[in-house]
Amino acid sequence: MNKIMYLEFERCIGCRACQAACRECGDHDAKERNYVEYVDFTESRQTFPMLCMQCKDPACARVCPANAIQITDEGVVLSAMEEKCIGCRNCTFGCPFGIPKFDFETNKMYKCDMCYDRTRHDIAPMCASVCPSDAIRFIDFDEMQQLRRKRTQMNLVEGKKPQEGNKWDYVPEFFGVYTDSQS
Amino acid sequence: MSQFLVKEGVKNQIRKGEKLVTTHCCYCGMQCGMHIRVDEKNNKVVGVEPRYDWVLTKGKMCPKGVTAYQTIDHPDRIKTPLIKKNGKFVEATWDEALDLIESQYKGIQENYGKDAVGVYGGVSMTNEKCYLVGKYARVGLGTRYIDYNGRYCMSSAAGGFNKTLGMDRGSTLPWTELEHTDTFFMAGSNTAECHPTSIQWFWKAKDKGAKLIVADPRETATARVADVHLDLLPGTDSALANGIMHLLIKHDYVDNEYVQERCNNFEELKDMTAKFTPEYTSKLTGVAAEKIIKAAHIFGKSPRSVVMFARGAEQQTSGVDNVSLYTSMALLRGQIGKFASGVATFTGQGNGQGGREHGQKADALPGYRKIANPKDVEHVAGVWGIKPEEMPKEGVSAYEMFHLMQNKTIRALHVICSNPVVSSPNINYVQDSLEKLDFLVVNDFFMSETAELADVVLPATTWAEDEGTTTNIEGRVIRIRKVVDPIGESKPDWEIMSMIADRLGKGKYFDYSEPREIFDELRHASKGGKADYYGVTYEKIDEQDGVFWPAPTEDSKGTPSIFQERFATEDGKANLAVCDFRGPSEVQSNEYPLWLTTGRVVFHYLSGNQTRRVDFLMEQCPEPFVEMHPELASKYQIENGERVKLSTPRGEMITPVKITKAIRKDTMFVPYHWGKKLAVNQLTSPALDPFSRMPEFKVCAVKLEKLTK
Ligand code: SF4
Ligand code: SF4
């Protein structure tokens, strides 16, 4: 498997279906692990979804003193192992994206695992499955590349070209790469 | 036969000990495909799985759809009939409830005539049930007074389409074509929240460079990314459409050949729109003239465009005019009946399309037949096995039924699948009208605000406990499957109606053992009508991803695109709309200086009787709020989150403020999904469109007050 979670923030319509769907994943104990926020509701209705970036060198796992956060062969960063997690919440501070959540009742952290019980069988995670706007997609590497080229193409169609100082506008998305260990 | 439908190569997660049942969402007109997870051991619903291979929605769902299954085995379900004794509901057997209904209906009808018992239906249920509500009223009860909640939803679209195109199918094209459209002109539709899964098609088209023009007083998620956002004053759509057509004519964007060949009234339209210069239009609508001009050029230049609208344009006293005018924009451009082009309304309720076709409306019979037309009556009476003379006459519209309760013309009412004390305008009056009834029966599966007023509540099933069909936003007839057996003693509405009809001595007309038999009868009843279902079968729906009506013959595959050659009017030509701007029924005054408009949020559906019981949805949106611009808030010294008072001559409410620049400075917005003290419909205006009898939910003059601490 060589699939990518591809996020395009500007497509998001703020419906929060991804959050509702996250709760529906079998291993998720009816608790959502992703979030959707307004950029600034006073200014506009623009929202954005955020889920685990499945970092190659995850900050959450790095700062975990108990070594409780495991990474699968495919590169998925799992929730802390229950028997190891000591409830110190370092991971919740360490993650730059605010992903690990904390259950104060069980004193354990839980996080987005990309619906591991689905994705390992090549079935899209719940959030990407339901997202009505395709703000979240679960796609092949090739499809991702095509989407990147498409952007350039559209900018050309519209006669837009990056200038000094606005180059960043041309790469507004953020995407997590889900690779298998060999690649 | 397996009830799990899946196309080759599509993978779904099926957990051990579970099975999937293929169906569609129970809420809006998108009717998103889904599979429901059932535990095989105890036959309980445990969750939802995306239906990736459903052609229109591709596995996508909004949060209502994702959580819809949670309403099935919900602790609040009404599981037995309830009879009110001394102001309190007590559980009863079906026999007790039916005994009481029988004696009350019979008594009232003997003393005051057949018409003293009315029926108030709804369209969030299958075609089979919607069809039967019409027959139940006319044959079972013999009453002329029947209407339904679709009057508040689709009636203006229906009126406008009938006037201009001669037939009311919500979309003239299948929506899978929308990705090839070049320009969308959307008016009065917050589609990102009200039909979220439609967004995939608009964004797909946008990826290819499609343009988007959005007319809305609020900067909705679609307006935000639109090429032009026409931020019009509520209630001014007819001026805007006339203004755009003025420019289409002026700049030679009219498809003359098409108009010549296929449309009437062009000269009259030209005369009417002559005065709607950008300046004049701008004055009426509050939209900058440049934006109107820009929109007209984009729309005029586009080779393939779709004009779309929803309740924002329709729930006005000029709703029918608005729909006719917007439709005429598409006609001037020669778009209707062509690939990836046309006109469409966003159907609000799950079966808002099918439910309005088969005779729940005061003046209509199955297949869009008319009760005023003797030929139509003869056909339907034939199918029903009654004499044409026995067919009751035309009744009155939903809101007008409440006047008849006030003056005691209607003394008993049976509400099926609706919650009018939340969803009607001016609900203080509506509640008073229902309280004046001698006898009220309500079918529901949750205790709605309307059910609370009832003398008898009958436990209906949810959508997942019965078979049937619905007709989606496109006009595609699709299949709803039974997932589990009815919970408790609940029964599907068709069975309830049949039992009551039986008690009234009409059992032989309602002898059904399953919904399929009702559908078969509907096929014959609609045969030869405009909404012709004769060629639709359950099997065909499965084989070909639904069937678009009309399907007039047994071997018909249905009609995805309509009006390709001729329109459904008598002369086959479309009637361009010639309508002046009339303005809303209310005007601002010193006392009520601001505008109020209402609508939905993505987390709730209609009166909220279902969605207000789902945890996730309530966590996201537990109560109504009023959206206002920071400049307006500042004028009244109001802060974000503060509670304020809104009032109109009809009622008042106190609600927290959400401040955002994404709305006009003179307009406030409140969602309508709550009842009683939290209901914005205490405030809304009951003024009706003269043609469709649609109330003007979307525009009223309102007073805003800061509460003293
Ligand atoms: S489901 Fe998609 S559109 Fe909806 S909030 Fe999540 S990311 Fe945004
Ligand atoms: S409410 Fe409408 S958009 Fe949402 S899942 Fe149901 S049918 Fe789809």
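None of these values were measured; they are calculated from a predicted model.

What counts and what doesn't
- Residues numbered from 1 in each chain as written.
- Chains lettered and ligands numbered in written order.
- Predicted model: local features only at pLDDT ≥ 70, side-chain atom pairs only at ≥ 80, totals over all residues.
- Heavy atoms only, no water.
- Pairing = 2+ DSSP bridges.
- Helix = DSSP H or I, 4+ residues; strand = E, 2+ residues; numbered from the N terminus.
- Axes fitted to C-alpha atoms, helices over the stretch in contact; angles between N-to-C directions.
- Core = buried A, V, L, I, M, F, W, Y, C linked by side-chain atoms within 4.5 Å.
- Buried < 20%, exposed > 50% of the residue type's maximum accessible area, 1.4 Å probe, protein only.
- Domains from an automatic or database assignment.
- Contact = heavy atoms within 4.5 Å.
- UniProt positions renumbered as here; feature names shortened; annotations may be inferred.
- Buried area = accessible area lost by both parts, 1.4 Å probe.
- Salt bridge = Lys/Arg side-chain N within 4 Å of Asp/Glu carboxyl O.
- Polar contact = N/O pair within 3.5 Å; in protein donor to acceptor, adjacent residues only side chain to side chain.
- Near = heavy atom within 4 Å.
- Nonpolar A, V, L, I, M, F, W, Y, C, P; charged D, E, K, R; others polar.

Turning our attention to the sheet that holds strand E18 (residues 456–459) of chain B. Residue and element names in this part refer to chain B. Taken together, the seven strands give an open sheet; going across it, the order is E5-E4-E18-E17-E16-E6-E7, and neighbouring strands pair in mixed fashion. This sheet does not close on itself; its edge strands, each paired only once, are strand E5 (88–91) and strand E7 (146–148). Here the strands of the sheet are splayed against their neighbours by 20° on average, with no regard to which way each runs. The sheet contact formed by strand E4 (residues 82–85) and E18 spans two bridges and is antiparallel. Within E18, the residue paired with isoleucine 83 across the bridge is valine 456.

All names here are of chain B. With 107 residues, the main nonpolar core has Tyr105, Phe185, Leu230, Tyr326 and Leu332 as its most contacted residues. Among the elements that make up this core, the one with the highest residue count is helix H3 (residues 127–141) (eight residues). Of the residues that make up this core, three or more belong to each of domain 2 (82–153 + 352–548) and domain 3 (155–345). When sequence neighbours within four positions are dropped, the list of residues in contact with leucine 230 reads Phe185, Ile213, Val214, Ala215, Asp216, Leu240, Val287, Lys291, Ile292 and Ala295. Grouped together as the second largest cluster of nonpolar side chains are 93 residues, Met30, Met61, Leu173 and Ala310 included.

UniProt's feature table lists "domain: 4Fe-4S Mo/W bis-MGD-type" (unreviewed entry) at residues 18–76 of chain B, given in the numbering used throughout. Annotation note: span residues 18–76 of chain B, helix share 8%, strand share 36%, distance between end C-alpha atoms 25 Å.

Further remarks concern the interface of chain B and chain A. Each partner contributes to the interface: chain B provides 46 residues, whereas chain A provides 38 residues. Between chain B and chain A the total buried area reaches about 3,200 Å² when both faces are included, carbon and sulfur atoms providing 50% of it. Where chain B touches chain A, the interface holds six salt bridges. Between chain B and chain A we count 22 residue pairs in polar contact (both at pLDDT 80 or more) in total. Only strand E3 (44–50), helix H1 (63–67), helix H6 (199–207), helix H7 (221–224), helix H22 (615–620) and strand E26 (651–659) of chain B provide two or more residues apiece to the side of chain B that touches chain A.

Turning next to the site of ligand 1. Taken together, 14 residues lie around ligand 1, and Cys12, Cys15, Arg16, Cys18 and Cys131 of chain A are the ones closest in. Split by residue class, the shell around ligand 1 holds eleven nonpolar, two polar and one charged.

With that settled, consider the sheet that holds strand E2 (residues 33–39) of chain B. All names here are of chain B. Reading across the sheet, the three strands line up as E1-E2-E3 and stay open at both edges, with antiparallel pairing between neighbours. The open sheet has two edge strands, strand E1 (18–24) and E3, and neither has a second partner. In this sheet, adjacent strand axes meet at a mean angle of 30° when their direction is disregarded. Where E2 meets E3, six bridges bridge the pair, whose relative direction is antiparallel. Residue pairing in the sheet places aspartate 39 in a bridge with lysine 44 of E3.

Turning our eyes to something else, we now look at the environment of glycine 33 of chain B. Mapping glycine 33 of chain B onto the fold places it in strand E2. Here glycine 33 of chain B falls in the buried class, since its relative accessible area comes to 0%.

Let's shift gears to unusual backbone geometry. Residues and elements named next belong to chain B. Cis geometry is found at the peptide bond from tryptophan 549 to proline 550, where omega equals 0°. If you trace the backbone, proline 550 turns up in the loop between strand E21 (547–548) and strand E22 (574–575). For lysine 58, which is not a glycine, the phi torsion comes out positive at approximately 55°. As for its placement among the helices and strands, lysine 58 is situated in the loop between E3 and H1. A relative accessible area of 35% means that lysine 58 is categorised as partly exposed.

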